[in-house]
Amino acid sequence: KPLVKYLFLIIMLAISQLASAQATRTWVSGVGDDANPCSRTAPCKTFAGSISKTAAGGEISVLDPGGFGAVTITKAITIDGGGLPASILSPLINGIIVNAGASDVVVIRGVHINGARTGLNGIRFIAGKELHVENCVIENVAQKGIDAQNSTPNSMLFVRDTVIRNAAN
C-alpha cells in the first residue's frame, strides 16, 4: 500500500506540473477573460493576463480588435497585433515597459499605443538585449514615444515602419 500511495503522489505532482506549464503561443481577444488559459479557443482579455501564461521566447497573438491594456515585459517574448487594431490605452502610465534579462529579445509588432495625452512614455526600454518595434503607432504621450534608457551593456533598439506622433520629446 505505501508504494501505491507514493505512485499516486508522483502522478499527481506530474499532472500539476503539466497544468501549470506555460504555452509557447497564447492569444488575446476583446471578449476574452484573463482567467482563461489564453488558448485560441479560450483567449485572455489583456496582454498582462496573457504574458504570465506565455513561455519565454513565446508569442502573444491578437485574435480580434480590442484594447488589451498596458503591460510590463520581463522575458523574451513577441507581442503580435497580426494586422488588427491591437490597442493599448495608457493614460498616466507607460504603455509598455520592457525590463527583460540581459540575453532577452523582445518584439512588439502591430500595436497601437495611445497615451490619451497624459500617458508617460509609449514604450520604456529599461533592460534587455534587443527590442524590436515594428509596424506600430505610438501617440499622445506626455514624455517620449520610445524611452530607451537601457541598463544592459550592448543592448540594441530597432524601430521599423513605426509612427510616433504627439509626443512631448
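This text follows the structure it describes.
Structural notes, computed from the coordinates. (Residues numbered from 1 in each chain as written. Predicted model: local features only at pLDDT ≥ 70, side-chain atom pairs only at ≥ 80, totals over all residues. Heavy atoms only, no water.)

Digging into the state of the cysteines
Let me state the cut-off plainly: Criterion for a disulfide: a pair of cysteine sulfur atoms within 2.5 Å. The buried label goes to any residue with under 20% of its type's maximum accessible area, the exposed label to any with over 50%, and the partly exposed label to all in between, with areas taken from a 1.4 Å probe on protein chains only.
The full count for this structure, using the stated rule, is 1 disulfide. Here C38 is linked by a disulfide to C44, with a sulfur-sulfur distance of 1.7 Å. Because the sign of the S-S torsion sets the handedness, a value of about -55° for the bond joining C38 and C44 places this disulfide among the left-handed ones. Overall, C38 belongs to the buried group, its relative accessible area being 0%.

What about the packing of aromatic side chains?
Two aromatic rings are characterised by how far apart their centres lie and by the angle between their planes. Put simply, the rule reads: The pairing test for Phe, Tyr and Trp rings, Trp by its six-membered ring, is centres within 6.5 Å, and the orientation test on the planes gives stacked under 30 degrees, edge-to-face over 60, and tilted for anything in between. Only DSSP runs of H or I with at least four residues qualify as helices, and only runs of E with at least two residues qualify as strands; both kinds are numbered from the N terminus onward.
Applying the stated criterion to the full structure yields 1 aromatic pair. Relative to F68, the ring of F47 has its centre 5.3 Å away and its plane inclined at 50°; by these criteria the two rings are tilted. One end of the pair, F47, is in helix α2 (residues 47-51); the other, F68, is in the loop between β3 (66-67) and β4 (71-73), and 21 residues separate them in sequence. What makes F68 buried here is its relative accessible area of 0%.

Brief notes about the sheet that holds β3
What holds strands together in a sheet is hydrogen bonding between their backbones, with the strands either parallel or antiparallel. Under the convention used in this document: When DSSP finds at least two bridges between two strands, those strands are taken to pair.
Judged by pairing direction, the sheet is parallel, and its 5 strands sit side by side in the order β3-β6-β9-β12-β15 without closing on themselves. Looking at strand neighbours, the two that pair on one side only are β3 and β15 (163-167), the edges of this open sheet. Bridge analysis of strand β6 (residues 86-89) against strand β9 (residues 111-119) gives 4 bridges, and the strand direction is parallel. Bridging from a neighbouring strand, A86 pairs with V111 of β9.

Focus: the environment of A56
Counting through the fold element by element, A56 comes out in strand β2 (residues 54-62). By relative accessible area, A56 is classed as exposed at 56%.

Considerations on the pattern of salt bridges
Using the following cut-off: The salt bridge definition used is simple: a Lys or Arg side-chain nitrogen within 4 Å of an Asp or Glu carboxyl oxygen.
Scanning the model with the defined rule gives 7 salt bridges in all. Close ionic contact of E134 with R160 constitutes a salt bridge, the shortest N to O distance being 3.6 Å. Of this pair, E134 sits in strand β11 (residues 130-134) while R160 sits in strand β14 (residues 156-160); the two residues are 26 residues apart in sequence, bridging distant segments of the chain. On the basis of relative accessibility, which here comes to 45%, the residue R160 falls in the partly exposed class.

Coordinates in, geometry out; function isn't part of it.
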